[in-house]
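Now for the letters of each chain:
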Amino acid sequence: MPSVRYAFGRVRLVRSSLRMRPLAVTVLASGSAGNATLFTSDRTSVLVDGGVAPRTLETALEERGLPLPDAIVVTHAHQDHVGEAPRIAKRLRIPLYVTRATAKATLLSSKLDVRTYDNREPFAIGDLELAPLPVPHDAAQVALTISDGHACAGIVTDLGEIPPGLAAHLAGCDVLLIESNHDVAMLERGPYPEFLKNRMRSARGHLSNLQTHALLRRVTKRTHTVVLMHLSRTNNREDLALETARDALPARVEVMVAPARGLLHIEACPPNEARKMRQLSLFAG
Ligand SMILES: [Zn+2]
Ligand SMILES: [Zn+2]
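Fair warning: this is a prediction, and the values are worked out from it, not measured in the lab.

1. A short note on the packing of aromatic side chains
- For the coordinates displayed, the defined rule picks out two aromatic pairs.
- For the pair Tyr97 and Phe123, a centre-to-centre distance of 5.6 Å together with 20° between the ring planes defines the contact as stacked. With Tyr97 in strand 5 (residues 96-99) and Phe123 in strand 7 (residues 123-125), the pair connects residues that are 26 residues apart, well separated along the chain.
- What makes Tyr97 buried here is its relative accessible area of 10%.

2. Brief notes about the sheet that holds strand 13 (residues 254-257)
- Strand order in the open sheet made by the seven strands is 7-8-9-10-11-12-13, with mixed pairing throughout. If you trace the sheet from one side to the other, it starts and ends with strand 7 and strand 13, each paired once. Taken pair by pair, the neighbouring strands of this sheet meet at an average axis angle of 20°, ignoring direction.
- Relative to strand 9 (residues 141-147), strand 8 (residues 128-135) is paired through seven bridges, and the arrangement is antiparallel.

3. Some points on the coordination of the zinc ion (ligand 1)
- On the protein side, the zinc ion (ligand 1) has Asp80 (OD), His81 (NE2), Asp158 (OD) and His230 (NE2) as donor atoms, found 2.1 to 2.2 Å from it.
- Angles of 92 to 159° at the metal separate the four donor atoms of the zinc ion (ligand 1), which places the site in the irregular class.
- Mapped onto the polypeptide sequence, the residues donating to the zinc ion (ligand 1) form the spacing pattern D-H-x76-D-x71-H.
- For the pair the zinc ion (ligand 1) and the zinc ion (ligand 2), the metal-to-metal distance amounts to 3.6 Å, and Asp158 bridges them. One end of the pair, Asp80, is in helix 3 (residues 79-82); the other, Asp158, is in the loop between strand 10 (152-156) and helix 6 (166-169), with 78 residues separating them in the sequence. For the pair Asp80 and Asp158, one class covers both residues: buried.

4. A short note on the nonpolar core
- Phe39, Val73, Ile125, Leu130, Leu177 and Val227 are the most contacted members of the largest nonpolar core, which totals 30 residues.
- Per-element tally for this core: the top contributor is strand 9, with three residues.
- Excluding anything up to four places from it in sequence, Leu130 contacts Val46, Val73, Glu121, Pro122, Phe123, Ile125, Thr145 and Ile146.
- Ranked by size, the runner-up nonpolar core spans 27 residues in total, among them Val156, Leu166, Leu176 and Ala245.

5. Examining the confidence of the model for the protein chain
- Mean pLDDT over the protein chain works out to 91, with 89% of the residues at or above the 70 mark.
- Counting interchain partners and residues more than four positions distant, the pLDDT-below-50 stretch residues 1-17 has three contacts.

6. As for the pairing of strand 5
- In strand 5, alternate side chains face the same way, and those of Leu96 and Val98 on one face and Tyr97 and Thr99 on the other are all buried.
- In the sheet, strand 5 pairs with strand 6 (residues 114-117) via four bridges, with the strands oriented parallel. When the bridges of strand 6 are listed, Leu96 appears paired with Val114.
- Between the parallel pair strand 5 and strand 6, the chain is carried across by helix 5 (residues 100-105), and the sense of this crossover is right-handed.

7. A few points about the sheet that holds strand 14 (residues 261-267)
- Taking strand neighbours across the sheet as the criterion, the seven strands line up as 6-5-4-3-2-1-14 in an open arrangement whose pairing is mixed. Each end of this open sheet is capped by a strand with a single partner; those strands are strand 6 and strand 14. Along the sheet, successive strands turn relative to each other by an average axial angle of 25°, direction set aside.
- In the sheet, strand 1 (residues 24-29) pairs with strand 14 via five bridges, with the strands oriented antiparallel.

The rules behind the values
Residues numbered from 1 in each chain as written. Chains lettered and ligands numbered in written order. Predicted model: local features only at pLDDT ≥ 70, side-chain atom pairs only at ≥ 80, totals over all residues. Heavy atoms only, no water. Phe/Tyr/Trp six-rings, centres within 6.5 Å; stacked < 30°, edge-to-face > 60°. Helix = DSSP H or I, 4+ residues; strand = E, 2+ residues; numbered from the N terminus. Buried < 20%, exposed > 50% of the residue type's maximum accessible area, 1.4 Å probe, protein only. Pairing = 2+ DSSP bridges. Axes fitted to C-alpha atoms, helices over the stretch in contact; angles between N-to-C directions. Donors = N, O, S within 2.8 Å, 3.2 Å for Na, K, Ca; no water. Tetrahedral: all angles 85-135°; square planar, octahedral: opposite > 155°, others 65-115°. Core = buried A, V, L, I, M, F, W, Y, C linked by side-chain atoms within 4.5 Å. Contact = heavy atoms within 4.5 Å. pLDDT = per-residue confidence, 0-100. Right-handed = clockwise from strand over helix to strand, strands pointing away.

Below you can see the structure in the form of structure tokens.
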């Protein structure tokens, strides 16, 4: 009977478009002591940067009920990003994704499953699509957007200035994780030796709160949450970074600071859509 076929068709439609787990972002560490952020979709879990010890990672994810990563993607060859990545990849027996430049700059064991990605070519890991874009730093570095086809998150840290094309690259992001490294006046007055101060503020160093402000002024309507990353403990203060970022953003955007250590968990899709998905999954039983 036509009505019965229609009813079955509807059920199939709901099931095929169903996601039990909306895209989520979990920051485990952020800053010069180590960086690690987990992106989790319905079927795939990807760790961006390996700046925490494997056991610390396992314990943190287990406590939160989050899956272990299926792969690790390293943004660049600095120790606070790549330092523990080979050990994590080895212990969890997962592939390690690096750009060719990072592979060249890092001594990686031939026993590891190392896969290279192009710094301008989107690539997929499971049901996640990652789109890199090179950004200026004193090691070959990329910004990444990560999407499950429904929601999108962007992560961009360790860059000295905002290159043309970055704002457009991040335009589709629901959640934006962006470096807000130092306050210019604090760096100026601070204890760092002159060569280090010059490195931080150079076009291949790190973004100041004001540089981040300039990028945040260009976020699109789609972005509902901004996480400030890679804050310098010596040359920045959370309240200064937050105040500067809030000044650039409409009031509807939630702004927070990633802790240097400890979990920060965010659902990437808009809050009303996350609710809709949970209702759908209840309906599907
Ligand atoms: Zn770094
Ligand atoms: Zn770096």
